[in-house]
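An overview of the molecular structure
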Protein chains: 2
Amino acid sequence: RMQNSRSKPCSCPSLKLREVASMYFTMVAAFLVILVVALQGSAPRESDFPYKVPLDPQGLLELSWNVSYPEQAVHFQLLIRELHFGLLFGMSDRGEFENADLAVLWSDGHNSYFGDAWSDAKGQLHMDSQQDYQLLGARRAPEGLYLLFRRAFSTCDPKDYLIEDGTVHLIYGILESPVRSLQAINISALRGGLQRVQLLKPNISIPELPGDTRTMEITAPDVVIPSQETTYWCYVAELPAGFPKHHIVMYEPVVTAGNEALVHHMEVFQCAAEFDSFPRYSGPCDSKMKPDRLNYCRHVLAAWAMGAQAFYYPEEAGLAFGGPGSSRYLRLEIHYHNPLVFKGRRDSSGIRLYYTATLRPYDAGIMELGLVYTPVMAIPPGEDSFILTGYCTDKCTQLALPAAGIRIFASQLHTHLAGRKVVTVLSRDGRERQVVNADGHYSPHFQEIRMLKEVVAVFPGDELITTCTYNTEDRSRATVGGFGILEEMCVNYVHYYPQTQLELCKSTVDPGYLHRYFSLVNRFNDEEICMCPQVSVPQQFYSIPWNTFNRDVLKSLYTFAPISVHCNKSSAVRFPGQWEKQPLPRITERLPEPVPRCPPAPGPQPAAPIPLNLGQLRRD
Amino acid sequence: RMQNSRSKPCSCPSLKLREVASMYFTMVAAFLVILVVALQGSAPRESDFPYKVPLDPQGLLELSWNVSYPEQAVHFQLLIRELHFGLLFGMSDRGEFENADLAVLWSDGHNSYFGDAWSDAKGQLHMDSQQDYQLLGARRAPEGLYLLFRRAFSTCDPKDYLIEDGTVHLIYGILESPVRSLQAINISALRGGLQRVQLLKPNISIPELPGDTRTMEITAPDVVIPSQETTYWCYVAELPAGFPKHHIVMYEPVVTAGNEALVHHMEVFQCAAEFDSFPRYSGPCDSKMKPDRLNYCRHVLAAWAMGAQAFYYPEEAGLAFGGPGSSRYLRLEIHYHNPLVFKGRRDSSGIRLYYTATLRPYDAGIMELGLVYTPVMAIPPGEDSFILTGYCTDKCTQLALPAAGIRIFASQLHTHLAGRKVVTVLSRDGRERQVVNADGHYSPHFQEIRMLKEVVAVFPGDELITTCTYNTEDRSRATVGGFGILEEMCVNYVHYYPQTQLELCKSTVDPGYLHRYFSLVNRFNDEEICMCPQVSVPQQFYSIPWNTFNRDVLKSLYTFAPISVHCNKSSAVRFPGQWEKQPLPRITERLPEPVPRCPPAPGPQPAAPIPLNLGQLRRD
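Residues numbered from 1 in each chain as written. Chains lettered and ligands numbered in written order. Predicted model: local features only at pLDDT ≥ 70, side-chain atom pairs only at ≥ 80, totals over all residues. Heavy atoms only, no water.

Some points on the pattern of salt bridges
One pass over the structure, following the stated rule, counts 48 salt bridges over all chains. For Glu589(B), the salt bridge identified is with Arg431(B), shortest N-O distance 3.3 Å. Placement of Glu589(B) in the loop between β36 (563-568) and β37 (610-612) and of Arg431(B) in strand β30 (residues 431-439) is noted, with a sequence separation of 158 residues between them. Take Glu589(B): its relative accessible area is 40%, and that puts it in the partly exposed class. Exposure remark for Arg431(B): the relative accessible area of 36% places this residue in the partly exposed category. Bridged by salt links that share partners, the residues Lys52(A), Glu62(A) and Arg81(A) form one connected network. (Salt bridge = Lys/Arg side-chain N within 4 Å of Asp/Glu carboxyl O. Helix = DSSP H or I, 4+ residues; strand = E, 2+ residues; numbered from the N terminus. Buried < 20%, exposed > 50% of the residue type's maximum accessible area, 1.4 Å probe, protein only.)

So, the packing of helix α4 (residues 511-524) of chain B against helix α6 (residues 548-558) of chain B
Residues and elements named next belong to chain B. Look at α4 against α6: their axes get within 11 Å of each other, and the N-to-C directions meet at 160 degrees. It follows from the interaxial angle that α4 and α6 lie roughly antiparallel. As for the relative orientation of α4 and α6, their crossing is right-handed in sense. Across the interface between the two elements, Tyr513, Leu514, Tyr517, Leu520, Val521 and Phe524 of α4 pack against Phe549, Asn550, Val553, Leu554 and Leu557 of α6. Grouping the amino acids of the contact of α4 with α6 by side-chain chemistry returns ten nonpolar, one polar and no charged. (Axes fitted to C-alpha atoms, helices over the stretch in contact; angles between N-to-C directions. Parallel < 35°, antiparallel > 145°, perpendicular 65-115°, else oblique. Left-handed = near helix turned anticlockwise from the far one by under 90°. Contact = heavy atoms within 4.5 Å. Nonpolar A, V, L, I, M, F, W, Y, C, P; charged D, E, K, R; others polar.)

Focus: the state of the cysteines
All names here are of chain A. This model, assessed by the stated rule, comprises ten disulfides over all chains. Between the sulfur atoms of cysteine 468 and its disulfide mate cysteine 490 the distance is 2.0 Å. Handedness of the cysteine 468-cysteine 490 disulfide follows from its S-S torsion of about 85 degrees: it is right-handed. Of this pair, cysteine 468 sits in strand β32 (residues 463-470) while cysteine 490 sits in the loop between β33 (479-480) and β34 (491-497), placing them 22 residues apart in sequence. The exposure classification of cysteine 468 matches that of cysteine 490, with both residues buried. (Disulfide = S-S within 2.5 Å.)

Notes on the domain arrangement of chain A
Residues and elements named next belong to chain A. Entries for chain A in the domain assignment read domain 1 (51-199), domain 2 (206-360) and domain 3 (365-511 + 563-593). Distance between the C-alpha centres of domain 2 and domain 3: 26 Å. Contacts between the two partners involve 15 residues from domain 2 and, on the opposite side, eleven residues from domain 3. Of the roughly 1100 Å² buried between domain 2 and domain 3 on both sides combined, carbon and sulfur atoms contribute 71%. (Domains from an automatic or database assignment. Buried area = accessible area lost by both parts, 1.4 Å probe.)

Some points on the environment of Ser411(A)
Residue and element names in this part refer to chain A. Here serine 411 shows up in strand β28 (residues 406-414). When its relative accessible area of 0% is taken as the criterion, serine 411 is described as buried. For serine 411 and arginine 450, which are 39 residues apart along the polypeptide, the C-alpha to C-alpha distance reads 5.4 Å. Among all residues touching serine 411, those that are not within four sequence positions of it are Asn437, Glu448, Ile449, Arg450, Leu452, Asn492, Tyr493, Val494 and His495. At 2.7 Å, the side chain of serine 411 and the side chain of asparagine 437 are in polar contact. One polar contact links serine 411 to asparagine 492, side chain to side chain, over a distance of 2.7 Å. (Polar contact = N/O pair within 3.5 Å; in protein donor to acceptor, adjacent residues only side chain to side chain.)

Quick notes on the sheet that holds strand β34 (residues 491-497) of chain B
All names here are of chain B. Pairing in this open sheet of six strands is mixed, and the strands run β31-β28-β34-β25-β35-β36 from one edge to the other. Unpaired on one side and paired on the other, β31 (449-458) and β36 mark the two borders of the sheet. Across the sheet, the mean angle from the axis of one strand to that of its neighbour is 25 degrees, orientation sign disregarded. (Pairing = 2+ DSSP bridges.)

Right under this line is the structure:
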């Protein structure tokens, strides 16, 4: 007979299995029977799982999900088109199979099992002591097997992944032969991969579209997807001549059927108004044949990434396009991700814009927050999480924002390849008030425009502080700020209304203080390195011997030295004022770290006082 | 009859109840009823709770406890000699009543209640959602009310205190009038206080004493305890003329009955052998009448603090005293803590030494680890936790330790008033291997010699790294290293055998690098401060403007700059060798942070796989 292994064995005579075994097991078991039965034959409605993404490049695994904020849980529906001997599905910090939190379905050839597991730093699987992927049902259908399960955002089990806002790295693996046990699964031998999604989609009510809404598809017709893993495809589209000013109120992806797993992300850029015309082009963005002038098509109109849905502007605002002073030319960029190197696939994907001639009260604007693109902001090599911060200061918002403030409703985070986290915080009177947007699992390969859960109101005098965390463990020399893919950026493009003249509110360390740092490094260390002032800033960074002292002092410099603020109407035109050697914004009160809400434990001790009989108490 | 409080009570007779009602609440309720009843009238044996300490200066509250390492729990017995309307007992980081973890017994005048509570940062009490002080029983006796309760070391409830090795700050408060509810208790109006104890006493088997063991009491006869809060009393004792070498094998406190709550700690020091005689003295240590020569009585022979028990040397070793080359004079120092300013109390407390003429195989020795007493190691003002580290390097242990190594069996941590944490770690080949002794709630007011849980073997080439954390939030200028009470130390006196010539293995930052730091501060900051080399190191530290950069760079300096090592036979005589500008020991692998073991939750989800019926799986 089974003993309950959790409580100290009592030598009491006749305990029946069910009486001893914890109540929960029974409950879950009962549940399962009910649900598996209930779901045989009856499909959940499509609308139950509004978000959908293919997990693998062939689209054999398809994940749909919904988010319940009241329950603080995600419900998953996983369609397995070809079930072999099981499947791993889960989450990990950056998509690795080690230290991952996994739901596992496996078969020993006779029976199938489902369980919540975790993998250790070596990739060995273990059954989790707390089962937090709760199986709700399984259903066979003509297209495959559906698994339904539920996972709380936070389980308070240290082995579990904490589902947070921002990017989540989903991983999957397919079991192609039977396994004796969960522990016998060899992760390194699996066919698997990762897929990035924003799991916790915001719960936003969709504004009604105007009656005169029209649509325009910006699609690249009949592209033959190159048979290589990564292609950025560029296509130039043109608005009709004399197209007047409209408001874009919504846009959505148009993905050619069958290519859902290949079209990774798409962006529509407006070209610069300075040029009367742009050449037509449809080809890879890195081709020698691409006209140079397309480099002037960089103003984002719309952006979509896998797993994202339609993007709606708030009902008071729309994105202006057309009309005098704006270019008729648009550039569509599509990132095809084709790791299985399919040949000859044809595609006509793109973005469908919904626009209206009945202009809404406000034009929406895009403002760039974070760090100036300059080599004075640099990251030493070999850092696992080096932090750089860019400031939009009170002085700039005081000057540039209207008294009624602006409303930020969406945000697109941007770094180059070393970026690992990005966060923008709103501070007022030195006190952090609100997170504008945060991604603790940010990936430079997944840069969506995200609707914010809550619209953020920013008033004159507020500060917007953008912090990026970088990993340079694989690099042997310093990474400086700049435009190159191996240089770095720290940017948050915030989408807001009403539009103001402020296009760019960023900062960089005062170059004079950086110079003092270089001479300090030169004097303090015994090495004799030429750090002559005629040498460029990147060259000076490249010649620093990176010991702990030089690293630490650079960190201290960046958190201490005054800043140069770019408070600009456009990338070249500053607002009038003194913007050099500005003091760093002081933060006297930080936002509290969010404490994860744990699911109620099934049988905790009661929180009620326990009555005691102590007799009459006396007063001395 | 009484239940054995060490094992979970088995409530077999009430099993039917459990079968019907839902789990834990019923279980706890049943427990309580059984135990409260069972304990009426039958006293637990003294030996069940081997450790005892008065909580308040009058001794009205007396705490006894035992530690169960298999259960990872402490069992408490609290004797309340005069129960008014209840009592708070608990633990907090440093003895404060805010953010404390409390067991509360309260009465509304009619009924009494017991509950696990916590206080927030403002001192407001809240019932804890998880009840981790488990009441095991209550018993009226002629001397007062006994409460028995149990607490796991770690509860994994973030509101709870984690019971760790080292000092625990116990707090108590007495409810002098009835209260409506737990929440109505006003902590600031309570009569209460704190008591420091080492709660997790090591579980050491007591070595047998030799047959010829004799005892000697070093007591200060008939002291009238001064009617002031704090007195350090000094008393000179003398060994008989011609007293040959003996081994002290054990010592224990002798506390005059009735003064248990006043005698805070006692130490016996041996005087320096250089002097033939020392004057007799019995009086306050800070009196002008105290002969200066007593300052040469600083070699610790024995030390005891409230709550400590007898101290046993390991059976292979004893502490040499008597014989040629050692002084006949001893100084006893007693710290009387008399906050209620009792007048005319007489005391003859002291320490009873157990010694043998049959010398054991090894002499025990005392070695000083940590930082050299020098102002070059300094702490900026206004720091909440500034860290300084002293190194005993591989080069020194290579030279000074025997090939068979030494065994450290006890340790006494020492800092001055700013000390908050002390830890010594053993490192071998750059990898941290073992904690020698750690106190995360260290108080300079509670410096016991503590037996180690595990004897630590140290071999030639090992490194002993001692790290102290300081709080200088109440100070306006830098705190430099030194002998003064407002200067700081970072020391671990380790007790070991076999004795070696190595008395002192400590370090300090290289003074040349500190000089570079001063000139860097001078150049980097815009302030013009004279930091001329003719000015003393403390004066230079006092004139630094303490901005974040200067603080950070000082931290970086201390974790980067080479060190000067004191590898000494005595405080003045170094081992031969080059000890200046030594590299900092490199640590490539840290000890993992201990993961608290949580008590098994009463009804968690089962870790077993859940069988599913999916039909026959196919192989493609």
